Amino acid sequence: ASLAQAQEQLNSVAVELAREYPATNRGWGVQLTPLAAETIGDTATILWVLLSAVGVVLLVACANVALLSLMRGLDRSEETAVRLALGASSRRLLREFLMESALLSALGGALGGALAVAGLGLLPHLNLDLPRADEVALDYRAMLFIVAVTTLSALLSGLPQAWRRLRVAPLTAITTGSLRTTSGGNQHRLRDTIVVAQVAMAVVLLAASGLLVRSFLQLRNADPGFDPR
């Protein structure tokens, strides 16, 4: 039965009881609450806020890694040009670049999983008012989520570098690299842009994290409207 149907049936029972026992049951009714809402309460909102904070950190981290990979690709543009000139296919180079990003992302995912396991051991000892905190565990769904996020991170951080390095013209890159002793003006401007973008994203991360932490504290300190004692 749906919640509305169950509510209607129990209200009918309450009316019958009030008719049979007016001295004790008159004016009484039934209000149904889903078990999940009764168990979790307002904690779900707090958890969604924390998940949003984690998502913001992950997106900024992916963007920073992508920019660092792009800068690293600038230093290896001549290498890519030589390999293309020697007959290496773009598909093979793309697969290699993505494998490098996948390895870094896998190491980051493994480290994150290890920290999550260690954090779960500390969770019951923290005063978080989290229902059934001792039963929280990393099940297969959480592991699948970690794998999916790690794969997405590898793509987000690896594709910009691969795209930039494969767009290089072999002859131009080799000639430019052999004639110069320092980076040209275009690369200097690109490096400066990358540095400015990283600083800007770090500021956004700090501001967003501060707002999310403040929201979390306000949710925890919100007046429930009654004295729980």
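Definitions and cut-offs
All residue numbers refer to position in the chain's written sequence, counted from 1. Where totals are concerned, whole chains, interfaces and linings use all residues; where local detail is concerned, this predicted model gives features only for residues with pLDDT of at least 70, and gives and counts side-chain atom pairs only at 80 or more. Hydrogen atoms and water are omitted, and side-chain values are computed over all heavy atoms in the structure. Strands here mean DSSP runs of E at least two residues long; helices mean DSSP runs of H or I at least four residues long; both are numbered from the N terminus. Here's how the labels work: a residue is buried when its accessible area is under 20% of the maximum for its type, exposed when over 50%, partly exposed in between, all with a 1.4 Å probe on protein chains only. You can read pLDDT as the predictor saying how much it trusts each residue, on a scale of 0 to 100. Whether two residues are in contact is decided by their heavy atoms: any pair within 4.5 Å suffices. Here the expected length of a helix is defined as 1.5 Å per residue gap, with one fewer gap than residues. Basic side-chain nitrogens of Lys or Arg form a salt bridge, by our definition, when they fall within 4 Å of a carboxyl oxygen of Asp or Glu. Among buried residues, those of type Ala, Val, Leu, Ile, Met, Phe, Trp, Tyr and Cys that are joined through side-chain atoms within 4.5 Å constitute a nonpolar core. Patch construction takes residues with relative accessible area above 30% that form no salt bridge. Like charges are linked within 9 Å, and nonpolar side chains (Val, Leu, Ile, Met, Phe, Trp, Tyr) are linked within 5 Å. Using a 1.4 Å probe, the Shrake-Rupley method yields the accessible areas, and only the shown protein chains count as cover for residues. Of all possible arcs, the one meant is that of the directions from the helix axis to the C-beta atoms.

Novice: Give a description of the overall build of the protein that names residues and reports values.
Specialist: The helix and strand inventory of the protein stands at nine helices and zero strands. Helices and strands appear in the protein in the N-to-C order α-α-α-α-α-α-α-α-α. Buried positions account for 21% of the 229 residues belonging to the protein.

Novice: Please set out the confidence of the model for the protein residue by residue, giving values where relevant.
Specialist: Low pLDDT marks regions whose predicted coordinates should not be analysed in detail. Per-residue pLDDT for the protein averages 75, and the proportion of residues at 70 or more is 77%. Element-level pLDDT for the protein is lowest in helix α8 (residues 170-179), with a mean of 53, against a maximum mean of 89 in helix α1 (residues 3-20). Across residues 178-183, where pLDDT falls below 50, the model places four contacts with residues more than four positions away in sequence or in other chains.

Novice: Just give me the short version of the side chain of Q7, but keep the residues and values in it.
Specialist: Take Q7: it is sitting in helix α1. Among all residues touching Q7, those that are not within four sequence positions of it are V30, Q31 and L32.

Novice: So, helix α6 (residues 90-122): which residues are in play, and what are the values?
Specialist: The first and last C-alpha atoms of α6 sit 48 Å apart over 33 residues, in line with the 48 Å expected at 1.5 Å per residue. Those residues of α6 not exposed but buried are L93, F97, S101, S105, G109 and G113.

Novice: Any chance you could break down the pattern of salt bridges for me, citing the residues and the numbers?
Specialist: With the rule as written, the count across this model stands at two salt bridges. One salt bridge in this structure joins R19 and E16, with 2.9 Å as the shortest N-O distance. Placement of the pair is R19 and E16 together in helix α1, with a separation of three residues, close to one helical turn. Here R19 falls in the exposed class, since its relative accessible area comes to 54%. As a salt-bridge pair, D139 and R141 come within 2.8 Å of each other at their nearest N and O atoms. Accessibility expressed as a relative area gives 27% for D139, which makes it partly exposed. On the basis of relative accessible area, R141 is assigned to the exposed category, the value being 56%.

Novice: Give me the nonpolar core: which residues, what numbers.
Specialist: One finds V60, L67, M71, I194 and M201 forming the largest nonpolar core, which totals five residues. Broken down by element, the residue count for this core peaks at three residues, all from helix α4 (residues 43-75).

Novice: Please provide a residue-by-residue account of the environment of A4, values included.
Specialist: With respect to the element layout, A4 can be found in helix α1. A4 sits 28 residues away from L32 along the chain, and the two C-alpha atoms are 8.9 Å apart.

Novice: Tell me about a nonpolar patch on the surface, and please be specific about residues and values.
Specialist: Residues L10, V13, L17 and Y21 make up a contiguous nonpolar surface patch of roughly 330 Å² in combined accessible area. Looking at where V13 falls in the secondary structure, it is placed in helix α1.

Novice: Explain α1 to me, using residue names and the numbers behind them.
Specialist: Here α1 spans 26 Å end to end across 18 residues, near enough to the 26 Å set by a 1.5 Å rise per residue. The complete set of buried residues in α1 reads Q7, A14 and A18. Taken around the axis of α1, the buried residues stretch over an arc of 35°, which confines them to a single face. Seen from the open side of α1, the exposed residues pointing more than 90 degrees away from its buried face are E8, Q9, R19 and E20.

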